Amino acid sequence: MITQALTRLRHQTLLGEVADLVGPYVAARWKLFAGAAIALLAGTAVDLLKPWPLKLVFDYVLKDRMFWEGTFNPPVGDARTWMLAVVCGLLMCMWLLASLAAYCGDYLSNRLAEEVVFELRVGIFSHIQRLSLTYHDERRIGDLLARVTRDTEAIRDLFGGTWLQWTIAALT
């Protein structure tokens, strides 16, 4: 009973209909989807860690304390300089990880979108070819081409970047 209600509700929304239509194409490429999702989560985790080096500057450098007191003596220079170098190194590592995660996420999601749209266009084209000639006589050819092009481009945009932005906004 609950599954029937959820099925009816899913078919009543546009997003549910798109999920039913495109879901099998995405499920066939689950590795691309999983890779893009992992890259998205990694990028979000790195973004959440970005204030941490600033905490080190306020808690240790400005108060002239080091968190490695007694365990590490700098061979050259002041301990605060070494602490600033460590903080700068952490910032560079976080920037590198965030950039790498963003690149991988964008690449994988765009590849997923292109593959899904290609398969969808092949399916739509084969369906249009199977339609009767009277159907094609009653419709203008420009309408069919515009509809196929616009709808598949909208799906490509959805999987290419929109779902990444929605997920990032939901996580942060």
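Given the structure is predicted, the values throughout are model-derived calculations rather than measurements. (Residues numbered from 1 in each chain as written. Predicted model: local features only at pLDDT ≥ 70, side-chain atom pairs only at ≥ 80, totals over all residues. Heavy atoms only, no water.)

**Q** Can you walk me through the overall build of the chain in this structure?
**A** The secondary structure content of the chain amounts to seven helices and zero strands. Counting from the amino terminus, the chain carries its helices and strands in the arrangement α-α-α-α-α-α-α. Counting across all 172 residues of the chain, residues that qualify as buried make up 24%. Partitioning the contacts of the chain with sequence separation of at least 6, the portion at a separation of at least 24 is 72%. Put simply, the chain shows about 12200 Å² of open surface, and 67% of that area lies on carbon and sulfur atoms. (Helix = DSSP H or I, 4+ residues; strand = E, 2+ residues; numbered from the N terminus. Buried < 20%, exposed > 50% of the residue type's maximum accessible area, 1.4 Å probe, protein only. Contact = heavy atoms within 4.5 Å. Areas by Shrake-Rupley, 256 points an atom, 1.4 Å probe, with all protein chains shown as cover.)

**Q** Is there a simple way to explain the packing of helix α3 (residues 30-49) against helix α5 (residues 79-130) in this structure?
**A** Two quantities define a packed helix pair, namely the angle between the axes and the distance from one axis to the other. Orientation of α3 relative to α5, taken along the N-to-C sense of each, is 155°, at an axis distance of 8 Å. As summarised for this structure, α3 and α5 are arranged roughly antiparallel, according to the angle between their axes. In this structure, α3 meets α5 at a crossing whose hand is left-handed. Side by side, α3 and α5 meet where Leu32, Phe33, Gly35, Ala36, Ala39, Ala42, Gly43, Val46, Asp47 and Leu49 of the first sit next to Met94, Leu97, Ala98, Ala101, Cys104, Gly105, Leu108, Ser109, Arg111, Leu112 and Glu115 of the second. Broken down by class, the residue content of the contact of α3 with α5 amounts to 14 nonpolar, four polar and three charged. (Axes fitted to C-alpha atoms, helices over the stretch in contact; angles between N-to-C directions. Parallel < 35°, antiparallel > 145°, perpendicular 65-115°, else oblique. Left-handed = near helix turned anticlockwise from the far one by under 90°. Nonpolar A, V, L, I, M, F, W, Y, C, P; charged D, E, K, R; others polar.)

**Q** I'm lost on the packing of helix α4 (residues 52-61) against α5 in this one. Help?
**A** One can describe the packing of α4 onto α5 by two numbers: an axis separation of 9 Å at closest approach and a directional angle of 170°. Between α4 and α5, the crossing angle belongs to the class labelled roughly antiparallel. Note on element contacts: α5 touches α4 through Arg80, Met83, Leu84, Val87, Leu90, Leu91 and Met94, opposite Trp52, Pro53, Leu56, Val57, Tyr60 and Val61. Of the residues assigned to the contact of α4 with α5, the class counts are twelve nonpolar, no polar and one charged.

**Q** What exactly am I supposed to notice about the pattern of salt bridges here?
**A** A side chain with one charge can pair with a side chain of the opposite charge if their charged atoms come near. As enumerated under the stated definition, the model contains six salt bridges in all. Arg29 is the partner of Glu119 in a salt bridge, and the nearest nitrogen-oxygen pair spans 3.8 Å. Of this pair, Glu119 sits in helix α5 while Arg29 is found in the loop between α2 (14-28) and α3, placing the two residues 90 residues apart along the sequence. Judged by its relative accessible area of 16%, Arg29 is buried. (Salt bridge = Lys/Arg side-chain N within 4 Å of Asp/Glu carboxyl O.)

**Q** What is the right way to look at α4 in this model?
**A** Residue pairs three or four apart in sequence face the same way in an α-helix, which turns once every 3.6 residues. All of the buried residues along α4 are Pro53, Leu56, Val57, Tyr60 and Val61. Angularly, the buried residues of α4 cover 105° about the axis, an arc narrow enough to put them on a single face. In the core, the buried residues of α4 are packed alongside α3 and α5. (Arc of directions from axis to C-beta.)

**Q** What should I look at first to understand the packing of aromatic side chains in this one?
**A** Each aromatic ring pair is summarised here by two numbers: the centre-to-centre distance and the angle between the ring planes. For the structure on display, the rule yields one aromatic pair. Between Tyr103 and Tyr107 the ring centres are 6.4 Å apart and the planes differ by 15°, which places this aromatic pair in the stacked class. With Tyr103 and Tyr107 both in helix α5 and four residues apart, this pair spans about one turn of that helix. (Phe/Tyr/Trp six-rings, centres within 6.5 Å; stacked < 30°, edge-to-face > 60°.)

**Q** What's the story with the environment of Ser99 in this structure? I'm lost.
**A** With respect to the element layout, Ser99 can be found in helix α5. Taking the C-alpha atoms as reference points, Ser99 and Val46, 53 residues apart in sequence, are found 9.7 Å from one another.

**Q** Can you walk me through the nonpolar core in this structure?
**A** For soluble globular proteins, the rule of thumb is that nonpolar side chains tend to be buried together. Counting 15 residues, the largest nonpolar core has Val22, Val26, Leu112, Val116, Ile155, Phe159 and Trp163 as the members making the most contacts within it. Of all the elements in the fold, those that place two or more residues in this core are α2, α3, α5 and α7 (141-171). Counting residues per element, this core draws most heavily on α5, which supplies six residues. Setting aside residues no more than four positions away along its own chain, Phe159 makes contact with Val22, Val26, Ser109, Leu112 and Ala113. (Core = buried A, V, L, I, M, F, W, Y, C linked by side-chain atoms within 4.5 Å.)

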